[in-house]
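Understanding the architecture of this molecule
If you want the building blocks of each chain, they are given just below.
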Amino acid sequence: MRIIVLGGDGYLGWPTAMALAHRGHEVWALDNYLRRNLARETCSEALMQNPNLHDRADLFASLSGRKIEVEIADCADYRQLSPIFAKVRPEAVIHYAEQPSAPYSMMSFDAARVTLNNNLNATLNVIWGVVQHSPACHIIKLGTMGEYGTPNIDIEEGWIDIEHKGRKDRFLFPRQAGSLYHTTKILDTDLLWFYVRLYGLRVTDLMQGPVYGLATEAADQDDRLAPNFHYDDIFGTVVNRFLVQAVAGVPLTVYGKGGQTRGYLNLKDTLQCVELALNNPVEAGVLRVLNQFTEQLTVTEIAEKVRRAAGQAGLEVKVESIPNPRKEKEEHYYNAKHHGLVELGLKPHLMTDEVLVDMLERVAKHSGQIDARKVLPRVRWN
Ligand SMILES: NC(=O)c1ccc[n+]([C@@H]2O[C@H](COP(=O)([O-])OP(=O)(O)OC[C@H]3O[C@@H](n4cnc5c(N)ncnc54)[C@H](O)[C@@H]3O)[C@@H](O)[C@H]2O)c1
(Lines give C-alpha, C1' and ligand atoms only; values in the text may rest on other atoms or scores of the structure.)
Protein backbone atom coordinates (compact mmCIF):
# COMPACT_ATOMS: atom_id res chain seq x y z
CA MET A 1 0.00 0.00 0.00
CA ARG A 2 1.01 3.64 -0.43
CA ILE A 3 0.97 5.00 3.11
CA ILE A 4 1.73 8.45 4.53
CA VAL A 5 2.80 8.51 8.18
CA LEU A 6 2.05 12.03 9.41
CA GLY A 7 4.27 12.88 12.38
CA GLY A 8 6.82 10.38 11.07
CA ASP A 9 9.67 11.82 13.17
CA GLY A 10 7.77 11.28 16.43
CA TYR A 11 7.94 8.70 19.19
CA LEU A 12 5.29 6.56 17.50
CA GLY A 13 5.59 7.79 13.91
CA TRP A 14 9.20 6.80 13.34
CA PRO A 15 8.87 3.15 14.52
CA THR A 16 5.60 2.92 12.58
CA ALA A 17 7.27 4.13 9.38
CA MET A 18 10.06 1.57 9.81
CA ALA A 19 7.65 -1.28 10.59
CA LEU A 20 5.44 -0.56 7.58
CA ALA A 21 8.43 -0.17 5.24
CA HIS A 22 9.73 -3.48 6.57
CA ARG A 23 6.45 -5.11 5.52
CA GLY A 24 7.04 -3.90 1.97
CA HIS A 25 4.64 -0.94 1.92
CA GLU A 26 5.59 2.28 0.12
CA VAL A 27 6.00 4.70 3.02
CA TRP A 28 6.25 8.48 3.21
CA ALA A 29 7.22 9.91 6.64
CA LEU A 30 6.12 13.53 6.97
CA ASP A 31 6.99 15.86 9.84
CA ASN A 32 7.70 19.55 10.53
CA TYR A 33 9.83 18.94 13.69
CA LEU A 34 7.24 20.64 15.91
CA ARG A 35 8.05 18.23 18.72
CA ARG A 36 11.79 18.85 18.55
CA ASN A 37 11.25 22.63 18.47
CA LEU A 38 8.80 22.69 21.40
CA ALA A 39 11.08 20.40 23.40
CA ARG A 40 13.97 22.82 22.82
CA GLU A 41 11.83 25.84 23.75
CA THR A 42 10.74 24.22 27.03
CA CYS A 43 14.12 22.64 27.96
CA SER A 44 12.59 19.19 27.52
CA GLU A 45 15.04 17.58 25.11
CA ALA A 46 15.02 13.81 24.70
CA LEU A 47 17.51 11.74 26.72
CA MET A 48 19.14 10.14 23.69
CA GLN A 49 20.15 12.05 20.55
CA ASN A 50 17.92 11.19 17.58
CA PRO A 51 19.35 11.91 14.12
CA ASN A 52 17.12 14.04 11.91
CA LEU A 53 14.49 12.31 9.77
CA HIS A 54 16.54 12.27 6.55
CA ASP A 55 19.54 10.74 8.35
CA ARG A 56 17.37 8.15 10.12
CA ALA A 57 15.73 7.17 6.84
CA ASP A 58 19.13 6.86 5.10
CA LEU A 59 20.48 4.70 7.93
CA PHE A 60 17.36 2.53 7.92
CA ALA A 61 17.66 2.07 4.14
CA SER A 62 21.31 1.08 4.40
CA LEU A 63 20.52 -1.53 7.08
CA SER A 64 17.25 -2.93 5.72
CA GLY A 65 17.28 -2.21 2.02
CA ARG A 66 13.85 -0.55 2.48
CA LYS A 67 13.20 3.05 1.51
CA ILE A 68 11.22 5.58 3.55
CA GLU A 69 10.49 8.79 1.61
CA VAL A 70 10.87 11.88 3.79
CA GLU A 71 8.78 15.05 3.52
CA ILE A 72 9.45 18.01 5.83
CA ALA A 73 6.13 19.84 5.78
CA ASP A 74 3.48 21.32 8.06
CA CYS A 75 0.17 19.43 8.11
CA ALA A 76 -1.50 22.52 9.55
CA ASP A 77 -0.77 24.37 6.28
CA TYR A 78 -2.94 23.03 3.45
CA ARG A 79 -0.72 24.63 0.79
CA GLN A 80 2.08 22.33 2.00
CA LEU A 81 -0.01 19.21 2.60
CA SER A 82 -2.24 19.20 -0.48
CA PRO A 83 0.52 18.74 -3.13
CA ILE A 84 1.92 15.80 -1.17
CA PHE A 85 -1.48 14.08 -1.08
CA ALA A 86 -1.89 14.87 -4.81
CA LYS A 87 1.50 13.29 -5.57
CA VAL A 88 1.23 10.20 -3.35
CA ARG A 89 -2.53 9.48 -3.63
CA PRO A 90 -2.26 7.44 -0.43
CA GLU A 91 -4.31 4.31 0.21
CA ALA A 92 -3.87 4.87 3.94
CA VAL A 93 -2.80 7.75 6.14
CA ILE A 94 -1.62 7.24 9.71
CA HIS A 95 -2.25 10.56 11.44
CA TYR A 96 0.03 11.13 14.44
CA ALA A 97 0.92 14.75 13.63
CA GLU A 98 -0.30 16.64 16.67
CA GLN A 99 1.00 18.49 19.71
CA PRO A 100 0.60 15.59 22.20
CA SER A 101 1.54 17.02 25.59
CA ALA A 102 -1.20 17.78 28.12
CA PRO A 103 1.10 19.89 30.37
CA TYR A 104 2.35 21.88 27.36
CA SER A 105 -1.24 22.69 26.37
CA MET A 106 -1.89 23.99 29.92
CA MET A 107 1.27 26.14 30.14
CA SER A 108 0.06 29.48 28.80
CA PHE A 109 -2.33 31.15 26.35
CA ASP A 110 0.28 30.84 23.58
CA ALA A 111 0.80 27.13 24.21
CA ALA A 112 -2.98 26.59 24.25
CA ARG A 113 -3.30 28.43 20.94
CA VAL A 114 -0.45 26.46 19.34
CA THR A 115 -2.03 23.18 20.46
CA LEU A 116 -5.56 24.03 19.33
CA ASN A 117 -4.55 25.56 15.99
CA ASN A 118 -2.03 22.86 15.17
CA ASN A 119 -4.16 19.86 16.04
CA LEU A 120 -7.46 21.03 14.58
CA ASN A 121 -5.94 22.48 11.40
CA ALA A 122 -3.84 19.35 10.85
CA THR A 123 -6.90 17.12 11.14
CA LEU A 124 -9.05 19.34 8.92
CA ASN A 125 -6.29 19.41 6.29
CA VAL A 126 -5.83 15.63 6.37
CA ILE A 127 -9.58 15.24 5.82
CA TRP A 128 -9.51 17.65 2.87
CA GLY A 129 -6.35 16.06 1.44
CA VAL A 130 -8.23 12.78 1.34
CA VAL A 131 -11.49 14.29 0.03
CA GLN A 132 -9.72 16.10 -2.80
CA HIS A 133 -6.99 13.67 -3.81
CA SER A 134 -7.70 10.14 -2.57
CA PRO A 135 -11.31 9.71 -1.40
CA ALA A 136 -11.06 5.94 -0.83
CA CYS A 137 -8.06 6.38 1.50
CA HIS A 138 -8.40 4.87 4.99
CA ILE A 139 -7.57 7.50 7.64
CA ILE A 140 -6.12 5.90 10.77
CA LYS A 141 -6.16 8.63 13.37
CA LEU A 142 -4.55 8.50 16.78
CA GLY A 143 -7.01 9.62 19.38
CA THR A 144 -6.55 9.11 23.11
CA MET A 145 -8.31 7.31 25.95
CA GLY A 146 -8.06 10.71 27.68
CA GLU A 147 -10.97 11.87 25.51
CA TYR A 148 -13.32 9.86 27.74
CA GLY A 149 -11.91 11.23 31.00
CA THR A 150 -12.70 9.21 34.12
CA PRO A 151 -16.50 8.77 34.16
CA ASN A 152 -18.22 6.91 36.97
CA ILE A 153 -19.58 4.37 34.46
CA ASP A 154 -17.93 1.76 32.20
CA ILE A 155 -16.22 3.26 29.14
CA GLU A 156 -17.51 1.69 25.93
CA GLU A 157 -15.57 1.36 22.70
CA GLY A 158 -16.41 4.72 21.15
CA TRP A 159 -20.19 4.43 20.98
CA ILE A 160 -23.08 4.18 23.42
CA ASP A 161 -26.72 3.17 22.87
CA ILE A 162 -29.04 5.55 24.67
CA GLU A 163 -32.72 5.06 25.40
CA HIS A 164 -34.47 8.32 26.16
CA LYS A 165 -38.19 8.77 26.78
CA GLY A 166 -38.95 5.48 25.05
CA ARG A 167 -36.78 6.08 21.96
CA LYS A 168 -33.30 4.70 21.19
CA ASP A 169 -30.26 5.93 19.26
CA ARG A 170 -26.49 5.42 19.08
CA PHE A 171 -24.06 8.26 19.90
CA LEU A 172 -20.37 8.83 20.40
CA PHE A 173 -19.61 7.93 24.04
CA PRO A 174 -19.70 11.10 26.22
CA ARG A 175 -16.28 12.68 26.44
CA GLN A 176 -14.94 15.07 29.07
CA ALA A 177 -11.20 15.62 28.93
CA GLY A 178 -8.87 16.83 31.68
CA SER A 179 -6.57 19.05 29.57
CA LEU A 180 -6.78 21.31 26.55
CA TYR A 181 -4.67 18.84 24.55
CA HIS A 182 -7.16 16.04 25.26
CA THR A 183 -9.99 18.41 24.37
CA THR A 184 -8.43 18.99 20.92
CA LYS A 185 -8.55 15.21 20.42
CA ILE A 186 -12.30 15.24 21.19
CA LEU A 187 -12.75 18.02 18.65
CA ASP A 188 -10.73 15.97 16.11
CA THR A 189 -13.07 13.03 16.62
CA ASP A 190 -16.10 15.27 16.12
CA LEU A 191 -14.61 16.70 12.91
CA LEU A 192 -13.88 13.22 11.58
CA TRP A 193 -17.37 11.98 12.45
CA PHE A 194 -18.91 14.98 10.69
CA TYR A 195 -16.96 14.30 7.45
CA VAL A 196 -17.56 10.55 7.67
CA ARG A 197 -21.33 11.23 7.79
CA LEU A 198 -21.33 13.92 5.14
CA TYR A 199 -18.65 12.73 2.69
CA GLY A 200 -18.53 8.97 3.29
CA LEU A 201 -14.89 8.89 4.45
CA ARG A 202 -13.34 5.73 5.93
CA VAL A 203 -11.88 6.41 9.37
CA THR A 204 -10.49 4.41 12.27
CA ASP A 205 -10.01 6.48 15.43
CA LEU A 206 -7.64 4.66 17.80
CA MET A 207 -8.29 5.76 21.39
CA GLN A 208 -4.85 5.06 22.70
CA GLY A 209 -3.61 5.00 26.28
CA PRO A 210 -0.10 6.12 27.32
CA VAL A 211 2.58 4.13 25.45
CA TYR A 212 5.90 2.98 26.95
CA GLY A 213 8.90 1.18 25.49
CA LEU A 214 11.87 1.69 23.23
CA ALA A 215 12.32 -1.75 21.73
CA THR A 216 10.99 -2.61 18.29
CA GLU A 217 12.38 -5.07 15.78
CA ALA A 218 13.58 -2.36 13.39
CA ALA A 219 14.78 0.11 16.06
CA ASP A 220 16.91 -2.53 17.74
CA GLN A 221 19.14 -2.83 14.66
CA ASP A 222 21.05 0.34 15.63
CA ASP A 223 20.88 2.78 18.57
CA ARG A 224 20.48 5.67 16.11
CA LEU A 225 17.14 4.22 14.97
CA ALA A 226 15.69 4.35 18.51
CA PRO A 227 12.42 6.25 19.08
CA ASN A 228 12.67 9.53 20.99
CA PHE A 229 12.65 9.22 24.79
CA HIS A 230 11.47 12.24 26.78
CA TYR A 231 11.53 12.05 30.56
CA ASP A 232 10.65 15.57 31.70
CA ASP A 233 7.31 16.69 33.18
CA ILE A 234 6.10 18.21 29.89
CA PHE A 235 6.84 15.64 27.17
CA GLY A 236 7.75 12.58 29.27
CA THR A 237 5.10 10.08 30.31
CA VAL A 238 4.83 8.80 33.88
CA VAL A 239 6.62 5.53 33.03
CA ASN A 240 9.59 7.35 31.49
CA ARG A 241 9.81 9.76 34.43
CA PHE A 242 9.87 6.91 36.94
CA LEU A 243 12.51 4.96 34.99
CA VAL A 244 14.79 8.00 34.84
CA GLN A 245 14.25 8.81 38.52
CA ALA A 246 15.14 5.20 39.39
CA VAL A 247 18.39 5.43 37.40
CA ALA A 248 19.20 8.90 38.79
CA GLY A 249 18.78 7.63 42.37
CA VAL A 250 16.03 10.10 43.30
CA PRO A 251 12.56 9.14 44.64
CA LEU A 252 9.80 8.31 42.16
CA THR A 253 7.35 11.22 42.45
CA VAL A 254 3.72 10.12 42.49
CA TYR A 255 1.23 12.96 41.93
CA GLY A 256 -1.13 13.08 44.94
CA LYS A 257 -2.76 9.83 46.04
CA GLY A 258 -1.56 7.88 42.98
CA GLY A 259 -4.89 6.20 42.30
CA GLN A 260 -5.14 7.75 38.80
CA THR A 261 -5.97 4.76 36.57
CA ARG A 262 -5.28 4.65 32.83
CA GLY A 263 -4.94 1.98 30.16
CA TYR A 264 -1.28 1.48 29.10
CA LEU A 265 0.38 -0.31 26.20
CA ASN A 266 3.78 -1.33 24.93
CA LEU A 267 5.17 0.41 21.83
CA LYS A 268 5.27 -2.99 20.11
CA ASP A 269 1.50 -3.17 20.57
CA THR A 270 0.95 0.28 19.06
CA LEU A 271 2.69 -1.05 15.95
CA GLN A 272 0.51 -4.17 15.98
CA CYS A 273 -2.70 -2.15 16.48
CA VAL A 274 -1.96 0.25 13.63
CA GLU A 275 -1.15 -2.65 11.33
CA LEU A 276 -4.32 -4.50 12.35
CA ALA A 277 -6.38 -1.39 11.59
CA LEU A 278 -4.59 -1.04 8.25
CA ASN A 279 -5.15 -4.67 7.25
CA ASN A 280 -8.81 -4.57 8.29
CA PRO A 281 -10.06 -1.33 6.74
CA VAL A 282 -13.53 0.03 7.36
CA GLU A 283 -16.23 0.59 4.75
CA ALA A 284 -16.88 4.04 3.31
CA GLY A 285 -19.08 6.10 5.63
CA VAL A 286 -17.92 4.33 8.81
CA LEU A 287 -16.13 5.81 11.81
CA ARG A 288 -14.70 2.86 13.74
CA VAL A 289 -13.48 3.63 17.25
CA LEU A 290 -11.15 1.16 18.96
CA ASN A 291 -9.83 1.51 22.52
CA GLN A 292 -6.10 0.89 22.23
CA PHE A 293 -4.48 -0.31 25.45
CA THR A 294 -3.68 -3.67 26.98
CA GLU A 295 -3.76 -3.25 30.78
CA GLN A 296 -5.21 -0.80 33.32
CA LEU A 297 -2.82 0.42 36.00
CA THR A 298 -2.79 3.07 38.71
CA VAL A 299 0.19 5.43 39.05
CA THR A 300 1.02 3.77 42.37
CA GLU A 301 1.04 0.34 40.70
CA ILE A 302 3.44 1.64 38.04
CA ALA A 303 5.74 3.10 40.70
CA GLU A 304 5.70 -0.27 42.47
CA LYS A 305 6.51 -2.13 39.22
CA VAL A 306 9.44 0.22 38.49
CA ARG A 307 10.68 -0.10 42.09
CA ARG A 308 10.63 -3.92 41.79
CA ALA A 309 12.34 -3.97 38.40
CA ALA A 310 14.95 -1.48 39.61
CA GLY A 311 15.62 -3.78 42.57
CA GLN A 312 16.39 -6.58 40.10
CA ALA A 313 18.79 -4.24 38.31
CA GLY A 314 20.55 -3.51 41.63
CA LEU A 315 19.00 -0.05 42.17
CA GLU A 316 17.39 0.93 45.44
CA VAL A 317 14.35 3.12 44.84
CA LYS A 318 12.03 5.14 47.07
CA VAL A 319 8.53 6.29 46.16
CA GLU A 320 7.16 9.59 47.46
CA SER A 321 3.92 11.51 46.97
CA ILE A 322 4.10 15.15 45.88
CA PRO A 323 1.25 17.69 45.48
CA ASN A 324 -0.60 17.03 42.23
CA PRO A 325 0.04 19.81 39.68
CA ARG A 326 -2.99 18.65 37.65
CA LYS A 327 -6.69 18.97 38.29
CA GLU A 328 -7.81 15.34 38.17
CA LYS A 329 -9.45 12.65 40.29
CA GLU A 330 -6.80 10.79 42.29
CA GLU A 331 -9.08 7.88 43.20
CA HIS A 332 -11.90 6.91 40.88
CA TYR A 333 -13.83 4.18 39.11
CA TYR A 334 -12.26 3.08 35.81
CA ASN A 335 -13.37 0.22 33.60
CA ALA A 336 -12.76 0.67 29.89
CA LYS A 337 -13.67 -1.90 27.24
CA HIS A 338 -10.91 -2.91 24.86
CA HIS A 339 -12.09 -5.91 22.89
CA GLY A 340 -12.02 -4.64 19.30
CA LEU A 341 -8.29 -4.89 18.67
CA VAL A 342 -8.00 -8.23 20.45
CA GLU A 343 -10.77 -9.53 18.16
CA LEU A 344 -8.74 -8.30 15.19
CA GLY A 345 -5.75 -10.34 16.47
CA LEU A 346 -3.77 -8.17 18.94
CA LYS A 347 -1.35 -10.25 21.06
CA PRO A 348 -0.46 -8.00 24.02
CA HIS A 349 3.05 -7.45 25.41
CA LEU A 350 2.50 -6.51 29.05
CA MET A 351 4.51 -4.31 31.44
CA THR A 352 6.59 -7.12 32.92
CA ASP A 353 9.71 -6.85 35.09
CA GLU A 354 11.71 -8.00 32.07
CA VAL A 355 10.40 -5.15 29.90
CA LEU A 356 11.10 -2.56 32.61
CA VAL A 357 14.59 -3.93 33.35
CA ASP A 358 15.41 -3.70 29.65
CA MET A 359 14.26 -0.05 29.60
CA LEU A 360 16.22 0.73 32.78
CA GLU A 361 19.35 -0.68 31.14
CA ARG A 362 18.82 1.47 28.04
CA VAL A 363 18.30 4.58 30.21
CA ALA A 364 21.34 3.75 32.37
CA LYS A 365 23.59 3.87 29.28
CA HIS A 366 22.74 7.59 29.07
CA SER A 367 22.70 8.36 32.80
CA GLY A 368 25.31 11.09 32.30
CA GLN A 369 22.79 13.13 30.29
CA ILE A 370 19.98 12.97 32.89
CA ASP A 371 18.94 16.31 34.36
CA ALA A 372 16.81 15.17 37.32
CA ARG A 373 15.35 18.71 37.82
CA LYS A 374 13.43 18.37 34.54
CA VAL A 375 11.33 15.56 36.00
CA LEU A 376 9.62 17.64 38.68
CA PRO A 377 6.41 19.49 37.72
CA ARG A 378 6.89 22.89 36.10
CA VAL A 379 3.32 23.30 34.82
CA ARG A 380 0.29 23.61 37.11
CA TRP A 381 -3.29 23.28 35.88
CA ASN A 382 -4.23 26.51 37.70
N1 LIG B 1 2.73 8.50 23.00
C2 LIG B 1 1.62 8.25 23.68
O3 LIG B 1 1.66 7.72 24.80
C4 LIG B 1 0.27 8.58 23.08
C5 LIG B 1 -0.88 8.16 23.75
C6 LIG B 1 -2.12 8.44 23.20
C7 LIG B 1 -2.20 9.14 22.01
N8 LIG B 1 -1.08 9.54 21.38
C9 LIG B 1 -1.19 10.27 20.11
O10 LIG B 1 -0.34 9.68 19.15
C11 LIG B 1 0.20 10.69 18.30
C12 LIG B 1 1.71 10.59 18.28
O13 LIG B 1 2.20 10.76 19.60
P14 LIG B 1 3.75 10.72 19.92
O15 LIG B 1 3.90 10.33 21.33
O16 LIG B 1 4.45 9.96 18.86
O17 LIG B 1 4.10 12.26 19.81
P18 LIG B 1 5.36 12.96 19.12
O19 LIG B 1 5.28 14.40 19.48
O20 LIG B 1 6.62 12.24 19.43
O21 LIG B 1 5.03 12.77 17.58
C22 LIG B 1 4.19 13.62 16.87
C23 LIG B 1 4.97 14.09 15.67
O24 LIG B 1 4.12 14.90 14.87
C25 LIG B 1 4.85 16.02 14.43
N26 LIG B 1 3.90 17.09 14.16
C27 LIG B 1 3.08 17.73 15.02
N28 LIG B 1 2.36 18.66 14.38
C29 LIG B 1 2.73 18.60 13.08
C30 LIG B 1 2.34 19.31 11.93
N31 LIG B 1 1.47 20.32 11.99
N32 LIG B 1 2.90 18.97 10.74
C33 LIG B 1 3.80 17.96 10.66
N34 LIG B 1 4.22 17.26 11.73
C35 LIG B 1 3.69 17.58 12.93
C36 LIG B 1 5.80 16.34 15.56
O37 LIG B 1 6.91 17.10 15.13
C38 LIG B 1 6.17 14.96 16.06
O39 LIG B 1 7.34 14.47 15.44
C40 LIG B 1 -0.32 12.02 18.81
O41 LIG B 1 -1.42 12.41 18.02
C42 LIG B 1 -0.77 11.71 20.22
O43 LIG B 1 -1.84 12.54 20.58
C44 LIG B 1 0.18 9.29 21.89
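First, a word on scope: everything that follows refers to the structure included in this document. The residue numbering used here restarts from 1 in each chain and proceeds along that chain's sequence as written. Only residues with pLDDT of at least 70 get local features here, since the model is predicted, and only at 80 or more are side-chain atom pairs given and counted; chain-wide, interface and lining totals rely on the full set of residues. Heavy atoms from the whole structure form the basis of all side-chain values; hydrogens and water molecules are not counted.

**What about the nonpolar core?**
Worth spelling out the cut-off: To define a nonpolar core, start from buried Ala, Val, Leu, Ile, Met, Phe, Trp, Tyr and Cys residues and group those joined through side-chain atoms within 4.5 Å. Partly exposed residues are those whose accessible area sits between 20% and 50% of the maximum for their type, while under 20% is buried and over 50% is exposed, using a 1.4 Å probe and protein chains only. Secondary structure is summarised from DSSP: a helix means a run of H or I of at least four residues, a strand means a run of E of at least two, and numbering begins at the N terminus for each. When checking whether two residues touch, look at their non-hydrogen atoms; a contact exists if any pair is within 4.5 Å.
If you look at the biggest cluster of nonpolar residues, it comprises 39 residues, and the most contacted ones within it are I4, L6, L30, M145 and L201. Elements with a contribution of two residues or more to this core: β1 (2–6), β2 (26–31), α4 (78–88), α6 (109–133), β6 (159–164), α7 (180–199), β8 (202–208) and β12 (286–292). Excluding residues within four positions of it along the chain, L201 makes contact with I127, V130, V131, P135, I139, Y195, V196, E283, A284, G285 and V286.

**A short note on the sheet that holds strand β11 (residues 261–266)**
Going by this rule: Any two strands with at least two DSSP-identified bridges between them are counted as paired. Whenever a helix is involved, its axis is fitted only over the stretch in contact; in every case the axis is a line through C-alpha atoms, and angles between N-to-C directions fall within 0 to 180 degrees.
Overall, mixed pairing links the 3 strands, which are arranged β9-β11-β13 in an open sheet. Edge positions in the sheet fall to β9 (211–212) and β13 (295–298), since each has one partner strand and no second. Bridge count for β9 against β11 is 2 bridges, and the pairing is parallel. Looking at the pairing, V211 lines up with L265 of β11. Helix α10 (residues 299–312) contacts β11 and β13 of the sheet and is inclined by roughly 90 degrees relative to β13.

**Description of helix α3 (residues 53–64)**
Since the α-helix advances by 3.6 residues per turn, residues separated by three or four positions end up pointing in the same direction. What counts, and what does not: Here, expected helix span is obtained from the residue count minus one, scaled by 1.5 Å. Identification of polar contacts relies on pairs of N or O atoms within 3.5 Å, with a donor-acceptor requirement for protein atoms, meaning one able to donate a hydrogen and the other able to accept it, and with residues adjacent in sequence counted only if both atoms are side-chain atoms.
Under the 1.5 Å per step criterion, the end-to-end length of α3 is 16 Å for 12 residues, consistent within 8% with the ideal 16 Å. With a side-chain oxygen positioned 3.1 Å from the backbone nitrogen of H54, the residue opening α3 is N52. Count one or two residues on from α3 and you reach G65, which has phi positive near 75 degrees.

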